[in-house]
Amino acid sequence: MHRRRDLGGLIFIDMRDRDGLVQLSFDPRWTSLEVMRRAAGVGVESVVLVEGEVALRPESARDTSMSTREIEVHVTGFTVAGPADTPPIPVARKENEALPAEELRLRHRVLDLRRPELQANLVLRHRLLQRARQTLTDLEFLEIETPILTKPTPEGARDYLVPSRIHRGEFYALPQSPQIYKQLLMVAGYDRYFQLARCFRDEDLRADRQPEFTQIDLEASFVSAEDVQLVVERVLVDLWHVADVRVPHPFPRLAFQEAMEKYGIDKPDLRYDLEIRDLTPLVGADSAPFVHEEVATGGRLRGIVTPGGAALTRKALDGLAALARDARAGGLIWARRTAEGWEGQGVKAVGATSLDALGGQAGDLLVAVVGADAVTSPALHLLRGELIRLAALPQRRAHAFCWIVDFPLFEQDPASGDYLPAHHPFTAPHPDDIGRLASDPGSCRALHYDAVYNGNELGSGSIRITDPETQRHIFGLLGIPDRDIRRRFGFLLDGLAAGAPPHGGFALGFDRIAMLLAGAPSLRDVIAFPKTTAARALFEGAPTPVNPADLTALHLAVRSDD
């Protein structure tokens, strides 16, 4: 029961199910007094069974926008099958009524899931899952399930560990991804694999992260990076089609360095044309000393020219300066272009002659920062997003997909200088760079590629290492001792030594795709029973302490903080 209206001798109830609402009409002309009495006492959200005659509503009361609002049920029989207590959160809300706090809604998730918005999201999720399955099946991929109880592997986050009762002191791990299994399936000759895989990562959470999640996982043999990208494009185009969006393809490709240079991030939002510019060549004799000092030590002066940005208030500029400082940039340089020329504190910093060389049009705003790329890139990425918002820049396109390619193979830990895999240690080096793998591994590119949509990373993939000696060398560069290589990865190396075809694959974050296509603000709105950002399931009270006897059976004990 969604809502009830008592009008003297008449009662109207809106009955709700997964398909929508229909009005029940209780009228003494066709409803007995006993049925009227039951209807008058039933509480909202109760489950009811109804008998009656379907009839057209009076013409003045019809709503032709919904087929079920053109009709009503003249009730002759009415039974309360599942009486409901007064709900702690409302399901039926008035227009523009705010939702209860999310934590309260997560505690009462069963009621929250009755909301039409969440039901629509989960229906869309179902349709997307079925479309992904059909598309990959049409492309002759085989859906193969891989184990949930696995061996711990270095995927970049902490594993969830599962103690073995039978094998004292030994543990399984829940898979962070099916990465090694799908590679072994290629070695085993299965050629094209996919799975709607459940994955688990014990990491700090954000609105777009969950400790358990679903990914569309695929792998194929005898493929190039471009082959895998075409398959993924086909999947994405079909998924967006489910949401009635036609996507042009093939997607444009940007090298990692180009994306960082133009947008300050490797997942750029290409709906807007605003780009970062290198202003270092403009630095001249009249530029400020601090600018010369940064450039002399390898830094660069980089900035963004925003059309119409000169109209921003001083308060807005102060907000941009605070944003730059929070991003570890020393400060913000800004200047406005007027009909007479450039004005603002940036004239002294950059130099009048240098700004004149920049050109521009009246109404432009320049914001710039100076320093190492590791500082200026993230700062300018944040500034770009805020400038787009403040200047209300128009979108050039509503749905902007792209591929980011030519990632670095390694990153270096800033504290220790140790090499870390930029993505995971099974990614093949770029063939043009493999000669430098021993002498200069930090300069090597990877055969890795990311799919990006409107500034969101949808997933990652790569061509894999198939030579066991190269794989051992990569493990060694990552500081894994020989004895641990065999212990942790012997089954993979043995598989590769059996004769491995060239292969590569991809993993799409399905929950994120569902969130974006549903227009939802959080992953929690497209998952039936999600965790909070503290990794708690509030509706069921998990995680929870367990019986000491159960711990003993698993050969475990919980230590106190002391």
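Just above, that's the structure.
Residues numbered from 1 in each chain as written. Predicted model: local features only at pLDDT ≥ 70, side-chain atom pairs only at ≥ 80, totals over all residues. Heavy atoms only, no water.

## Digging into the overall build of the protein chain
As a reminder, the rule being used: By definition, any uninterrupted DSSP run of H or I lasting at least four residues is a helix, any uninterrupted run of E lasting at least two residues is a strand, and each is numbered from the N terminus. Note on exposure labels: buried denotes an accessible area under 20% of the residue type's maximum, exposed denotes more than 50%, and partly exposed covers the range between, all computed with a 1.4 Å probe on protein chains only. Contacts were defined at the residue level, with two residues in contact if any of their heavy atoms lie within 4.5 Å. Computed with a 1.4 Å probe, the accessible areas rest on the Shrake-Rupley method; for each residue, only the protein chains presented here act as cover. Positive charges are assigned to Lys and Arg, negative charges to Asp and Glu, while His and the chain termini are left out of the count. Taken as the charge centre is NZ of Lys, CZ of Arg, CG of Asp or CD of Glu, depending on the residue.
When its secondary structure is counted, the protein chain shows 16 helices and 22 strands. Each principal axis of the C-alpha atoms in the protein chain carries an extent, and together these give about 95 × 75 × 60 Å. Burial analysis of the protein chain (562 residues in total) assigns 46% to the buried set. Summarising the internal contacts of the protein chain: among those between residues at least 6 apart in sequence, 66% fall at separations of at least 24. As displayed, the protein chain has an accessible area near 28200 Å², and 52% of this comes from carbon and sulfur atoms. Both charge centroids of the protein chain, one from 65 positive and one from 78 negative side chains, sit 3 Å from each other.

## Structural notes on a nonpolar patch on the surface
This is how the line gets drawn: In this analysis, a patch consists of residues with relative accessible area above 30% that form no salt bridge, clustered at 9 Å for like charges and at 5 Å for the nonpolar side chains Val, Leu, Ile, Met, Phe, Trp and Tyr. The rule for a salt bridge is simple: a side-chain nitrogen of Lys or Arg has to be within 4 Å of a carboxyl oxygen of Asp or Glu.
Residues L161, F171 and L556 make up a contiguous nonpolar surface patch of about 260 Å² in total accessible area. Summarising the element assignment, L556 is placed in the segment after α16 (548-553).

## Quick word on the pattern of salt bridges
All told, the structure shown has 43 salt bridges when counted by the stated rule. Among the ionic pairs, D112 bridges to R105, the shortest N-O distance being 3.6 Å. Classification of D112 as buried rests on a relative accessible area of 1%. A salt bridge links R109 to D112; its shortest N-O distance comes to 3.0 Å. Taken as a pair, R109 and D112 lie in helix α3 (residues 109-112) at a separation of 3 residues, close to a single helical turn. Of the residues examined, R109 reaches a relative accessible area of 2% and is grouped as buried. In the salt-bridge network here, residues are joined through shared partners; they are R93, R105, R109, D112, R115 and E117.

## Notes on the sheet that holds strand β14 (residues 333-337)
Threshold: Strand pairing is assigned whenever DSSP identifies at least 2 bridges connecting the two strands. Axes, fitted as lines to C-alpha atoms, cover a helix only where it is in contact. Angles between the N-to-C directions of the axes lie from 0 to 180 degrees.
Taking strand neighbours across the sheet as the criterion, the 5 strands line up as β12-β13-β16-β14-β15 in an open arrangement whose pairing is antiparallel. Looking at which strands have only one partner, the edges of the open sheet turn out to be β12 (276-278) and β15 (342-343). Alignment of β12 against strand β13 (residues 300-306), held across 3 bridges, turns out to be antiparallel. Among the inter-strand pairings, D278 is bridged to a residue of β13, identified as R302. Against the sheet, helix α7 (residues 256-263) engages β12 and β13, with an angle of about 95° to β12. Sheet contacts for helix α9 (residues 314-326): β14 and β16 (365-371); angle to β14, the most-contacted strand, approximately 150°.

## Some thoughts on the pairing of strand β9 (residues 192-200)
Here β9 lies mainly inside the structure; 7 of its 9 residues are buried. Examined bridge by bridge, strand β6 (residues 142-143) and β9 share 2 bridges and lie parallel to one another. Its bridge partner being in β9, L142 is matched across the sheet by Y193. Here 9 bridges tie β9 to strand β10 (residues 212-221), and the two strands are oriented antiparallel to one another. If you follow A197 over to β10, its bridge partner there is Q215.

## So, unusual backbone geometry
A cis amide bond, omega 5°, links H249 with the succeeding residue P250. By the secondary structure assignment, P250 is in the loop between α6 (225-242) and β11 (253-255). Following A542, the chain continues to P543 via a peptide bond in cis, the omega torsion being 0°. Within the secondary structure, P543 is located in the loop between α15 (510-518) and α16. For D244, which is not a glycine, the phi torsion comes out positive at approximately 65°. Classification of D244 by relative accessible area gives exposed; the value is 66%. Positive phi is not limited to glycine here, since N454 has a value of about 50°. The topology assignment puts N454 in the loop between β20 (448-453) and β21 (456-463). A relative accessible area of 10% means that N454 is categorised as buried.

## So, the environment of A220
For A220, the position within the fold is in strand β10. Sequence separation between A220 and V231 is 11 residues; the distance between their C-alpha atoms is 9.8 Å.

## Points about the nonpolar core
Heads up, the rule is: In plain words, nonpolar cores are sets of buried Ala, Val, Leu, Ile, Met, Phe, Trp, Tyr and Cys residues tied together by side-chain atoms within 4.5 Å.
Core analysis: the biggest nonpolar cluster contains 65 residues, and L218, L236, W240, L458, F506 and L508 have the highest contact counts within it. Of the residues forming this core, the biggest block, 10 residues, is contributed by α6. In this structure, L458 is in contact with L236, W240, F401, A451, Y453, A507, L508, G509, I513 and L516, ignoring residues within four places of it in sequence. If you look at the next biggest cluster of nonpolar residues, it comprises 24 residues, including A321, A327, A379 and L387.

## Some points on α6
Here is the rule: The span expected for a helix works out to 1.5 Å for each residue beyond the first.
The terminal C-alpha atoms of α6, which comprises 18 residues, lie 26 Å apart, in line with the 26 Å expected from a rise of 1.5 Å per residue. Counting buried positions along α6 yields 13 of 18 residues, so the element is predominantly enclosed. Once α6 finishes, D244 follows within two positions and takes phi at roughly 65°, a positive value.

## Re the side chain of S462
Inspection of the secondary structure assignment puts S462 in strand β21. Those residues within four positions of S462 in sequence are excluded, and the remaining contacts are H424, T427, L447, H448, Y449, G504 and G505.

## Some thoughts on the sheet that holds β6
Backbone hydrogen bonds hold the strands of a sheet together, and the pairing may be parallel or antiparallel. If you trace the 8 strands from one edge of the open sheet to the other, you get β6-β9-β10-β22-β21-β20-β17-β11, paired in mixed fashion. Because the sheet does not close on itself, it has two edges, and the strands there are β6 and β11. With 3 bridges connecting them, β11 and strand β17 (residues 401-405) associate as parallel partners. By the bridge assignment, A255 is partnered in β17 with V405.

## Observations regarding the environment of A557
Inspection of the secondary structure puts A557 in the segment after α16. Remark: the alpha-carbon pair of A557 and A535, spanning 22 residues in sequence, is separated by 22 Å.

## Observations regarding the packing of aromatic side chains
The condition that has to hold: Stacked, tilted and edge-to-face pairs are distinguished by plane angle, under 30 degrees for stacked and over 60 for edge-to-face with tilted covering the rest, among Phe, Tyr and Trp rings (Trp via its six-membered ring) whose centres lie within 6.5 Å.
Overall, the coordinates contain 15 aromatic pairs when judged by the stated rule. Measuring from ring centre to ring centre gives 4.6 Å for F401 and Y453, while their planes differ by 40°; the resulting arrangement is tilted. With F401 in strand β17 and Y453 in strand β20, this residue pair connects regions lying 52 residues apart in the sequence. This pair shows no difference in class: F401 is buried, exactly as Y453 is. Seen in terms of ring centroids, F410 and Y419 are 5.4 Å apart; in terms of plane orientation they differ by 50°. Their pairing is tilted. Overall, the relative accessible area of 6% leaves F410 in the buried class. Among the aromatic residues, those joined into a cluster by ring pairs are W240, F251, F401, W403, Y449, Y453 and F506.

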